[in-house]
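Residue-level listing of the chains:
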Amino acid sequence: MGLLSFTLLILGLFQLVSAQQNTDPNEVAALRTLINYWNLGSKINLTIDPCNQNASWTSEDSNPRVACDCSSNICHITHLKIYALDIKGEIPKELFELKELMDLNLGQNVLNGSIPAEIGQLSKMQYLSLGINNLTGAVPPELGNLSQLHSLSFSSNNFFGPLPKELGNLTSLQQLYIDSSGVSGSIPEEFANLKSLQILWASDNRLTGKLPEYFGTFTEFRDMRLQGTSVEGPIPSSFSALTKLEDLRIGDLRGEASSLDFLDSQTSLSTLSLRNCRLSGQIPERIGKFTNLKYLDLSFNKLTGQIPTSFRGFSSLQFLYLGNNNLSGELPEDIITPELIALDVSFNPLSGNLPTQFAKTKSINVVGTSINANGLQDNKVSGMLNCIQGKTKCKNKGSSTSFSIKCGGTAQKSASGIEFDDDSEALGAAALYTSTDEQWAVSNAGNFISNPKGNRYVAMTDSQITETLESELYKTSRISPSSLRYYGLNLKNGKYSVELHFAEIEMEDSSSWKGLGRRLFDVYIQGEKVLEDFNIQKEAGGSKKALVKTFEANVTNAIMEIHFFWAGKGTCCIPYQSTYGPLVSAIHASQVSEAADASSSRKRVGRIAGIVIGAVAGVVILSSVFYLWWKKDPQGHMRIFTDSPRKPLK
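What comes next concerns the included structure. Just so it is clear, the model here is predicted, and its values are computed rather than measured.

Reading the values: the criteria
- Residues numbered from 1 in each chain as written.
- Predicted model: local features only at pLDDT ≥ 70, side-chain atom pairs only at ≥ 80, totals over all residues.
- Heavy atoms only, no water.
- Salt bridge = Lys/Arg side-chain N within 4 Å of Asp/Glu carboxyl O.
- Helix = DSSP H or I, 4+ residues; strand = E, 2+ residues; numbered from the N terminus.
- Buried < 20%, exposed > 50% of the residue type's maximum accessible area, 1.4 Å probe, protein only.
- Pairing = 2+ DSSP bridges.
- Disulfide = S-S within 2.5 Å.
- Contact = heavy atoms within 4.5 Å.
- Polar contact = N/O pair within 3.5 Å; in protein donor to acceptor, adjacent residues only side chain to side chain.
- Phe/Tyr/Trp six-rings, centres within 6.5 Å; stacked < 30°, edge-to-face > 60°.

### Notes on the pattern of salt bridges
Part 1 of the reasoning: Counted under the stated rule, the structure contains 16 salt bridges.
Part 2 of the reasoning: We note a salt bridge from Lys 244 to Glu 220, for which the minimum N-O separation is 3.1 Å. Remark: Glu 220 occurs in the loop between β13 (206-208) and β14 (223-226) and Lys 244 occurs in the loop between β15 (232-233) and β16 (247-250); sequence separation between them is 24 residues.
Part 3 of the reasoning: Among the residues examined, Lys 244 registers a relative accessible area of 39% and is labelled partly exposed.

### Observations regarding the pairing of strand β35 (residues 494-502)
Part 1 of the reasoning: Of all the nine residues making up β35, seven are buried; the element is thus mostly covered by neighbouring parts of the structure.
Part 2 of the reasoning: Here eight bridges tie β35 to strand β41 (residues 586-594), and the two strands are oriented antiparallel to one another. Among the inter-strand pairings, Glu 499 is bridged to a residue of β41, identified as His 588.

### Here we look at the state of the cysteines
Part 1 of the reasoning: Enumeration over the complete set of coordinates arrives at three disulfides.
Part 2 of the reasoning: Here Cys 70 engages in a disulfide with Cys 75; their sulfurs sit 2.0 Å apart. Negative torsions about the S-S bond denote left-handed disulfides, and the value of about 115° found for Cys 70 with Cys 75 makes this one right-handed.
Part 3 of the reasoning: With a sulfur-sulfur separation of 2.2 Å, Cys 572 is cross-linked through a disulfide to Cys 573. Because the sign of the S-S torsion sets the handedness, a value of about -90° for the bond joining Cys 572 and Cys 573 places this disulfide among the left-handed ones.

### Quick notes on the environment of Gly 185
Part 1 of the reasoning: With respect to the helices, strands and loops of the structure, Gly 185 is situated in strand β11 (residues 184-186).
Part 2 of the reasoning: Sequence separation between Gly 185 and Val 231 is 46 residues; the distance between their C-alpha atoms is 9.2 Å.
Part 3 of the reasoning: Discounting residues that sit within four places of it in the chain, Gly 185 has contacts with Arg 206, Leu 207 and Thr 208.

### Considering the environment of Ser 310
Part 1 of the reasoning: Here Ser 310 lies in the loop between β21 (302-306) and β22 (319-321).
Part 2 of the reasoning: Considered as a pair, Ser 310 and Arg 286 are 24 residues apart in the sequence and their alpha carbons are 7.3 Å apart.
Part 3 of the reasoning: Of the polar contacts made by the side chain of Ser 310, one reaches the backbone oxygen of Glu 285; its length is 2.5 Å.

### A word on the packing of aromatic side chains
Part 1 of the reasoning: Applying the stated criterion to the full structure yields 23 aromatic pairs.
Part 2 of the reasoning: Ring geometry for Tyr 214 against Phe 215: centres 5.4 Å apart, planes inclined by 80°, an arrangement best described as edge-to-face.
Part 3 of the reasoning: With a relative accessible area of 2%, Phe 215 lands in the buried category.
Part 4 of the reasoning: On the numbers, 6.1 Å between centres and 90° between planes, the contact of Phe 215 with Phe 221 is edge-to-face.

See below:
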């Protein structure tokens with residue numbers, strides 16, 4: 001009996017060992033090379049078979065993760081995830097020995113070099129993510145061989161050159177993430193084959209050419225984002241067929257004007273942002289019937305007519321941005337609903353009174369309109385609004401020769417004796433605040449749509465700021481997701497020196513993937529673009545380093561405007577969600593000479609502009625004439641021509 005029992009035990013162990021299939025030896029060797037190359041030996045110990053079902057790296061939540069298909073006699077590696085572990089170096093050729101891979105996630109690392117052409121050998125790939133790395137070179141056309149792909153991401157890298165037309169072969173593709181990837185040129189006509197596409201993120205690239213008409217045939221589209229490129233309008237009328245859209249963000253279009261006629265039956269929309277798209281014409285009444293809409297941004301366009309009365313019926317709208325257009329008439333009485341968090345209608349020839357429910361809205365901005373804003377915050381603020389709108393003369397007009405602001409922070413005195421005013425007042429998603437001495441004001445418009453932490457318009461750090469003796473001056477900053485304006489008020493006319501203080505305190509210098517972010521924005525002073533695609537970190541030589549940019553500007557009507565504007569460029573989500581948009585630490589402006597004569601004014605650096613209309617031949621300009629006198633450039637910056645007109649901004 002003892003011998004029989006022993007024999008049965010041996011047979012059982014043999015069967016158990018036989019039941020545990022082994023992984024293809026070539027794949028084991030390739031995986032071992034990858035683990036050693038990326039220094040992951042402490043996380044994946046290959047003293048056991050990589051496809052062992054009891055291994056710690058097999059579950060969906062594991063990172064790194066290795067999962068296999070053992071349906072045949074030999075196991076094959078089908079899933080490989082090495083996500084946000086800061087692996088470095090190029091993509092080793094051994095990776096392409098894993099020919100059964102269906103899901104490869106190497107996102108949020110610091111891989112460099114190019115994507116090898118051999119990636120086209122992974123013909124069973126369905127999900128491929130290479131986003132947020134430091135990859136360079138051209139996007140390989142061999143990606144077009146991966147005909148089973150459902151999702152492809154190579155966003156936030158440093159590629160160059162065009163999108164390969166071979167990507168049009170990916171007819172099963174449902175998700176394509178190429179934002180901030182560096183690609184350029186027109187969107188290939190072959191992309192018209194991507195009929196299954198549901199998600200396309202393509203913002204912040206050097207894309208050119210017309211917005212493709214064939215996008216209107218992508219009837220499965222749910223999420224499309226195309227901001228901060230050189231793509232030209234108009235928005236095709238074929239987009240009216242995109243009835244499944246839930247999130248549409250198009251911005252910064254060039255070329256021909258667009259209309260909103262394509263918005264017809266997109267009742268599933270939750271987010272609609274068509275900011276700075278050269279939109280003209282009227283806002284259709286039917287948009288007010290989009291009952292799922294929570295975020296609507298039509299700002300920085302050329303829309304005319306009245307705000308639709310149907311906007312009174314928005315049941316879920318939380319954020320409404322209509323600023324910097326040519327909208328007229330009065331605000332609909334019931335436009336402010338209990339759900340509305342922010343309303344921006346600034347810089348429109350609107351009139352009348354604020355709706356009686358305005359106190360229920362957390363943020364509202366009507367600067368640059370003729371709306372009676374009494375009671376908006378207090379009499380002082382209302383008076384300043386009237387001053388900015390030109391309805392009354394500015395109090396103590398021309399009494400000051402300087403202003404200094406500690407943006408986003410408390411008052412402090414610099415080592416050179418400059419008193420920087422407190423600017424720690426909480427700003428909302430649409431807000432105007434004036435200083436206690438009425439020497440300056442600040443307005444904000446915009447909301448960080450995807451930020452799970454809620455609204456945040458101030459950045460802070462405890463780190464020491466280098467390249468300056470004024471480290472404390474840079475430890476807080478104002479930030480904005482769209483448009484941040486500072487106004488110097490009650491200034492004497494003349495030439496001013498304007499110092500803008502910057503330090504990048506949100507993005508990192510680290511060798512981690514968290515150091516791969518890029519912040520880009522534009523700066524206008526008196527309507528003149530003085531900085532374009534400005535990257536604080538790049539110009540300062542790193543993050544948490546002070547940088548001062550100095551400009552000259554003329555004041556002719558007691559007011560100076562400094563506008564920080566996000567034009568859709570830069571990464572969106574590094575090191576965390578919604579890290580983008582203008583950032584400024586402090587402002588100091590001081591007069592260097594009194595009002596110049598006409599000859600010298602033609603040589604100024606800053607364009608003469610303002611936010612008030614003064615007397616012309618002793619006649620007060622009514623609000624209707626006010627908007628005929630003012631002119632807008634494509635970004636909605638106001639200019640008053642006091643000498644020969646200049647060419648429009650590009």
